[in-house]
Amino acid sequence: DAGITQSPRYKITETGRQVTLMCHQTWSHSYMFWYRQDLGHGLRLIYYSAAADITDKGEVPDGYVVSRSKTENFPLTLESATRSQTSVYFCASSESRGLYGYTFGSGTRLTVV
Amino acid sequence: QKEVEQDPGPLSVPEGAIVSLNCTYSNSAFQYFMWYRQYSRKGPELLMYTYSSGNKEDGRFTAQVDKSSKYISLFIRDSQPSDSATYLCAMRSSNTGKLIFGQGTTLQVKP
């Protein structure tokens, strides 16, 4: 199916564990983004990527790692999960530097216990 | 001070009302302005897109940008219960691909 898909939709993990959230897009968009959404903070950019093998930090990168070996995939890894990383995570993609906005995935709801 | 300010609400209106949602911003370099709609437990979806100043209309929705006041608005005419969602403003400058989002305003339209 065409579009942007995130997996898993829901995840519960324990403090200290490593967890990876997946994001896959089928449009060959050059730009991809990871956001977290929390009450009182709105959408905050974690990392973004302008192309394969090019990534850069956003507003709240600490505790997260990304990679982009292929244009269509942009996984986000929490190296050692903390309770403060409990959030809803959204992946997004765009072409042409987001000239016409981003397309978002449906989100991953992560709970760290 | 945040670059983009948006009142989180919640805003509750009766069906058929005209709704006005607003954002202010501080960065005069912003040129591209967008409104996203986000239903509960879904990802944001692009609703309206405006470049620079002026108005843009799409059905019951009108987006307005006033760059001199650093103020953008989204008007919803004849609001429907299906319009109940969170509305996020977003904007960017011409030299970056990064969108800056407002906090989002939660709207409830009561039948």
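Throughout this description, residue numbers start from 1 for each chain and increase along the sequence as written. Labels follow written order: the first chain is A, the first ligand is 1, and so on. Note on the predicted model: pLDDT of at least 70 is required for a residue's local features to be given, and 80 or more for side-chain atom pairs to be given and counted; whole-chain, interface and lining totals, by contrast, use all residues. Water and hydrogen atoms play no part in the side-chain values, which are based on all heavy atoms of the structure.

Undergrad: Explanation requested: the sheet that holds strand β1 (residues 4-5) of chain B in the structure shown.
TA: Within a sheet, each strand pairs with its neighbour through backbone hydrogen bonds, oriented either parallel or antiparallel. Residues and elements named next belong to chain B. Ordered by their spatial adjacency, five strands build an open sheet running β1-β3-β8-β7-β6, and the pairing between neighbours is antiparallel. What marks the edges here is a single partner per strand, and that holds for β1 and β6 (54-58). Two strands pair if DSSP finds at least two bridges between them. In DSSP terms, a helix is any run of H or I states spanning at least four residues, a strand is any run of E spanning at least two, and both are numbered starting from the N terminus. Sheet analysis places strand β3 (residues 19-25) next to strand β8 (residues 71-76), joined by six bridges and oriented antiparallel. Bridged to Thr24 within β8 is Tyr71.

Undergrad: Got a minute to help me understand the state of the cysteines in this structure?
TA: Here, disulfide denotes a covalent bond that connects the sulfur atoms of two cysteines. Residues and elements named next belong to chain A. Two cysteine sulfur atoms make up a disulfide if the distance between them is within 2.5 Å. Within the structure shown, the criterion is met by two disulfides over all chains. The partner cysteine of Cys23 in its disulfide is Cys91, sulfur to sulfur 1.9 Å. Here the disulfide of Cys23 and Cys91 is left-handed, its torsion about the S-S bond being about -75°. Taken as a pair, Cys23 in strand β3 (residues 19-25) and Cys91 in strand β9 (residues 87-94) lie far apart in primary sequence, 68 residues in all. Cys91 carries the same exposure label as Cys23, and that label is buried. Think of it in three bands: residues with accessible area under 20% of the maximum for their type are buried, residues over 50% are exposed, and the middle band is partly exposed, with areas taken using a 1.4 Å probe on protein chains only.

Undergrad: What should I look at first to understand empty space enclosed by the protein in this one?
TA: In this approach a probe as big as a water molecule rolls over the atoms, and the regions it shows empty are the leftover space. Residues and elements named next belong to chain B. Definitions used throughout: a 1 Å grid over protein atoms alone; a cavity as a set of points that fits a 1.4 Å probe which cannot get out; a pocket as an open set with protein on both sides within 12 Å along at least five of seven lines; a lining residue as one with an atom within 4 Å of a point. Grid points are joined across faces, edges and corners, and a volume is the space filled by probe spheres set on the points. One pass over the full model with this rule turns up one cavity of 30 Å³ or more. By volume, the largest cavity amounts to about 30 Å³. What lines the largest cavity is simply Phe33, Met34, Trp35, Met48, Thr50, Ala63, Val65 and Ile72. Taken together, the elements giving at least two residues each to the lining of the largest cavity come down to β4 (30-38), β5 (45-51) and β7 (61-66). In terms of residues, the lining of the largest cavity owes the most to one element, β4, which gives three residues. Its residues assigned to classes, the lining of the largest cavity shows seven nonpolar, one polar and no charged. The residue classification treats Ala, Val, Leu, Ile, Met, Phe, Trp, Tyr, Cys and Pro as nonpolar and Asp, Glu, Lys and Arg as charged. All others, Gly included, are polar.

Undergrad: Is there a simple way to think about unusual backbone geometry in this case?
TA: Backbone phi values are negative for most residues with the exception of glycine, while trans is the configuration of most peptide bonds. Looking along the chain, the bond that leaves A:Ser7 and enters A:Pro8 is cis, with omega of -5°. Summarising the element assignment, A:Pro8 is placed in the loop between β1 (4-7) and β2 (10-13). Looking along the chain, the bond that leaves B:Gly9 and enters B:Pro10 is cis, with omega of 10°. Mapped onto the elements of the fold, B:Pro10 is located in the loop between β1 and β2 (11-14). Positive phi is not limited to glycine here, since A:Asp53 has a value of about 70°. Here A:Asp53 lies in the loop between β5 (42-51) and β6 (54-57).

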